[in-house]
Amino acid sequence: MIRQKPVDVVMIGFGWTAAIMGIELADTGLNILALERGAWRDTSPDFTYPHNADELAYGIRGELFQPLARETVTIRYGVNDTAVPYRQYGSFLLGNNVGGAGIHWNGQHYRPSPEDLVFQSHMAQRYGQKFMPADMQIQDYGVTYDELEPFLEQFEYLCGTSGRAGNLNGEIKEGGNPFEGPRRKEYPNPPVHDNYGASLFANAARSMGYKPFPQPSSNASRPYTNPHGVRLGPCNLCGYCERFGCFMYSKASPQTTILPVLMRKPNFELRTHSHVTKILLDSTGKRATGVTYIDAQGRQVEQPADVVIVSAFQMHNARLMLLSGIGTPYDPVTGKGVIGKNYAYQMMSNVNVFFDKDVAINPFMAAGSGGNVIIDEFNSDHFDHGPHGFVGGGYILGGQTGGRPIQQLLVPPGTPAWGEKWKRAAKDSYLHTTGVQTHGSVMSYRDRYLDLDPTYKDAFGQPLLRITFDWHDNELKMTRFLTDRAQEIANAMKPKQTSQTIRKPGDHYDIRQYQTTHTTGGVIQGVSPETSALNRFQQSWDVHNVFVTGASAFPQNLGYNPTGLIGGLTYMSAKAIRDTYLKHPGPLVQA
Amino acid sequence: MPSKPTSPSRRDFLRQSMVAVPAVTLLGTSAIAQTQSGTAAAPSAAAENYSPHYFTAPEWDFIKAAVDRLIPPNEDGPGAVEAGVPEFLDRQMEAVYGHGGLWYMQGPFAPDSPATLGYQLRFTPREFYRKGIAAIDDWCRKQHNSTFAALPADQRDAVLHQLESGDIKLDDVPTKLFFAQLLTNTKEGYFADPMYGGNKHMGAWKMIGFPGARADYADWIEQPGKTYPFGPVSIKGEEA
């Protein structure tokens, strides 16, 4: 085993949260090392035009995704089932290389609703504990919206997020989201122009009394220089966003917001092709001493460090904690233990909206997030759940993210999948079709969790992460309610035809269908070491010099895209490390 | 479909489809097809100029005869054969994808898992095609005394429907999955950038009105509902 020179801080995985941690800690003068198992990637030469406009390579074959051949996860529905590997991409897309999923996201940049962060307390207070099913185990984050607000703002200003405030210091603003928590400042950039499908949705929604607003988007609507002096360019609605890098420097990513500055810091080092296999603990098991990793040549390397930041994707964070023996693994029978607990996902549905040939939707004119329109009436606890009998909700989105024909071409219901009729329908529908989508929450449950698979291994011989997950009735009720509202709006758009994709009672979670990459939980934060793995600063309750960032900290999944909240929580954790922990290493919250 | 800006491309299509051929004729390179489709005109240029690297001659006949029915040629736009989908498929078989290099292929395998848990077969794509084509040709020989490729179009359609529905049961190959694989890859080839061998001259993009790799609509997003006037470009700069 090679032993490297000790560093002050080692970060495992170099995506969004590690970039934030790196830049926020760099001015302390500490030696900071990021270990990334993938390769270096940057806008040029990796995402340049025109080779970026390649649907097959990026959108379908998944050029930017973690190669499943080397490592995947396994999935089963119930605690007594045998899991099978996720052999091909479908339901969610794991990021890869420097930047991780922060490269191939859409830039949908939301804040949580205030009640999302205190969800258990809020729901119990408003509806009574019995409103929740007995096996639902939602929890509070240990952080309130007001505490987090400055950090949410900090992340938006880093990214140059484009949007329109709906609540400025408590004053409701026309044209924004009236349900959002108060923000101290307007978005750094105005909204991206609505795409045509979205504007038809907005008109229909407004006619029904809803309050449509532009989706908050980290696709910059204009040239923008962020607080680090890094410049983003204006989005040109290229239609190659989710699953793609951005050749316009418009989509916020670590590369377009932080790395040009961070990579030049003399006290920061990035080592790519460094695959961390374990976090090392001292003999007491209460303190981490560093990590071991496998380098590009396959050598085992020990990297001593005073602070370990676990900043990989949600699933990898949970797996690494299990592989390292930090915290008690969750047991779905007793409900005790914390690592792997409360895995959750999201529940999507679609209403495809087909117009006649006189309506030129031009679906290819689209950004990943900018230009789409949202209504938020049915998200979080923005409405009285009492009569509906479910917990959670979601937003409803109108518009489209592109018109890439392999993945995004839609044909009207009843069209055969092939042959002359399919071909005619493809030709007639393509330019005249848009969509209404629901983006719904998934609660956490006693029998939904992560652990290590007993059978399947990765390319290095380590056990794969095993997901035990299927839908619960609560979410099936939620999606029915939300989809009915989406259908009403779609009908008010006066289309020729619509079709619906919805998960119905009796349906299993179908891993073949892409829904979202918003997988959450497994290393959750909260108020007590009995029920959570991390305290409110994302610090391990068990090993105080281990911090775990990312959506693995979410105690349940919300109806919004997670990145905005992930960024805010990371900034809050970074500040606590910088201002408090480094001066007095130890638990930041007394158990 | 906007009438004015695309009318030249529409004329191109009509011209091409007069030169090109009804589906059956594309079996022309196969000895069996030649003997059985006496009315065949010349095979299309796309099919003619490419020699498969992976597919054997009988497999190549099968591929052309199948994709020709999945996306047939007509006045709407090019068929899959004319668009070069067989070439695309053959090249994909030789790519990392065809070798299963993008998939987790470690055992144990549990092919009888619920379909909703995704692909669980041992086959890489190239193995799947090899096994699937042989098994379907066997079945066609028993049922119809002919390879699939040599069947007339309506009978090929019938076999494809039976594969799609799973009505045909084959020992080694789950037919629904095989059909889904073939259809998915066919549409990939039809709509992917032409540099992968399919979508020749961006015919599929022209048919639907997709501008391909133009990828710049900053000026157009502020003109909602207006028909976009430009035809497609490819990654290598081909315009149509």
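Described in the following lines is the structure provided in the data block.

Criteria and cut-off values
Residues numbered from 1 in each chain as written. Chains lettered and ligands numbered in written order. Predicted model: local features only at pLDDT ≥ 70, side-chain atom pairs only at ≥ 80, totals over all residues. Helix = DSSP H or I, 4+ residues; strand = E, 2+ residues; numbered from the N terminus. Rg over C-alpha atoms; globule rule 2.2 N^0.38 Å. Buried ≥ 20, exposed ≤ 12 C-beta atoms within 10 Å, placed from the backbone. Axes fitted to C-alpha atoms, helices over the stretch in contact; angles between N-to-C directions. Parallel < 35°, antiparallel > 145°, perpendicular 65-115°, else oblique. Left-handed = near helix turned anticlockwise from the far one by under 90°. Contact = placed C-beta atoms within 7 Å. Nonpolar A, V, L, I, M, F, W, Y, C, P; charged D, E, K, R; others polar. Pairing = 2+ DSSP bridges. Core = buried A, V, L, I, M, F, W, Y, C linked by C-beta atoms within 7 Å.

1. A look at the overall build of chain A
Alright, step 1. Within chain A, the secondary structure is distributed over 15 helices and 24 strands.
Alright, step 2. Against the globule reference of 25 Å for 591 residues, chain A gives a C-alpha radius of gyration of 23 Å, in line with a compact fold.
Alright, step 3. Dimensions of chain A, computed from the C-alpha atoms along their principal axes, are close to 70 × 55 × 50 Å.
Alright, step 4. Counting across all 591 residues of chain A, residues that qualify as buried make up 61%.

2. Overview of the packing of helix H4 (residues 57-70) of chain B against helix H5 (residues 85-94) of chain B
Residues and elements named next belong to chain B.
Alright, step 1. Where H4 contacts H5, the two axes come as close as 9 Å, and the packing angle between them is 130°. One finds that H4 runs oblique with respect to H5. In the crossing of H4 with H5, the sense of the turn from one axis to the other is right-handed. Only Val-85, Pro-86 and Leu-89 of H5 make contact with H4, whose side of the interface consists of Trp-60, Ile-63, Lys-64 and Val-67.
Alright, step 2. Grouping the amino acids of the contact of H4 with H5 by side-chain chemistry returns six nonpolar, no polar and one charged.

3. Structural notes on the sheet that holds strand E5 (residues 84-85) of chain A
All names here are of chain A.
Alright, step 1. Overall, mixed pairing links the four strands, which are arranged E5-E4-E21-E20 in an open sheet. Looking along the sheet, the strands with just one partner apiece sit at the ends: E5 and strand E20 (449-457).
Alright, step 2. In this sheet, strand E21 (residues 463-468) lies alongside strand E4 (residues 73-76) in parallel orientation, the contact comprising four bridges. In the sheet register, Arg-76 faces E21, and the bridge partner there is Thr-468.

4. A short note on the pairing of strand E12 (residues 275-281) of chain A
Alright, step 1. Bridging between E12 of chain A and strand E13 (residues 288-294) of chain A involves six bridges; their strand directions are antiparallel. By the bridge assignment, Ile-279 of chain A is partnered in E13 of chain A with Val-291 of chain A.

5. Some remarks on the sheet that holds strand E8 (residues 213-214) of chain A
Residues and elements named next belong to chain A.
Alright, step 1. Judged by pairing direction, the sheet is antiparallel, and its six strands sit side by side in the order E8-E17-E18-E19-E16-E22 without closing on themselves. The outermost strands of the open sheet, each flanked by one partner alone, are E8 and strand E22 (497-501).
Alright, step 2. Relative to strand E19 (residues 433-440), strand E18 (residues 394-399) runs antiparallel, the two sharing six bridges. Paired with Gly-398 across the strands is Val-436, a residue of E19.
Alright, step 3. Helix H8 (residues 196-207) contacts strand E17 (373-375), E18 and E19 of the sheet and is inclined by roughly 125° relative to E18.

6. Observations concerning the nonpolar core
Alright, step 1. Core analysis: the largest hydrophobic core is formed by 236 residues, its most contacted members being Met-11, Ile-12, Phe-201, Val-308, Ile-309, Val-310 and Ile-396 of chain A.
Alright, step 2. In contact with Val-310 of chain A, not counting residues within four places along its chain, are Ile-12, Asn-317, Leu-320, Met-321, Val-546, Phe-547 and Val-548 of chain A.

7. Looking at H5 of chain B
Alright, step 1. Counting buried positions over the 10 residues of H5 of chain B gives nine, a clear majority of the element.
Alright, step 2. Looking at H5 of chain B, one finds that the buried residues are Val-85, Pro-86, Glu-87, Phe-88, Leu-89, Asp-90, Arg-91, Gln-92 and Met-93 of chain B.

8. Overview of unusual backbone geometry
Alright, step 1. In this chain, Tyr-49 of chain A is followed by Pro-50 of chain A through a cis amide linkage whose omega measures 5°.
Alright, step 2. Within the fold, Pro-50 of chain A resides in the loop between helix H2 (43-46) and helix H3 (55-60).
Alright, step 3. In this model, Gly-107 of chain B is joined to Pro-108 of chain B through a cis peptide bond whose omega is -5°.
Alright, step 4. One non-glycine residue, Asn-145 of chain B, lies in positive phi territory at about 60°.
Alright, step 5. By secondary structure assignment, the location of Asn-145 of chain B is in the loop between helix H6 (125-144) and helix H7 (153-165).
Alright, step 6. Positive phi, close to 55°, is recorded for Ala-215 of chain B, a residue that is not glycine.
Alright, step 7. With respect to the helices, strands and loops of the structure, Ala-215 of chain B is situated in the segment after helix H9 (203-208).
Alright, step 8. Owing to 22 C-beta atoms within 10 Å, Ala-215 of chain B belongs among the buried residues under this scheme.

9. Focus: the packing of H7 of chain B against helix H8 (residues 175-191) of chain B
All names here are of chain B.
Alright, step 1. Remark: H7 packs on H8, axes separated minimally by 6 Å, with the N-to-C direction vectors making an angle of 115°. Relative to H8, the element H7 is oriented roughly perpendicular. Contacts between H7 and H8 involve Leu-160, Leu-163 and Glu-164 from the first element and Thr-175, Lys-176, Phe-178 and Phe-179 from the second.
Alright, step 2. Taken together, the residues of the contact of H7 with H8 break down into four nonpolar, one polar and two charged.

Honestly, that's just the spatial picture; any functional story needs more than this.
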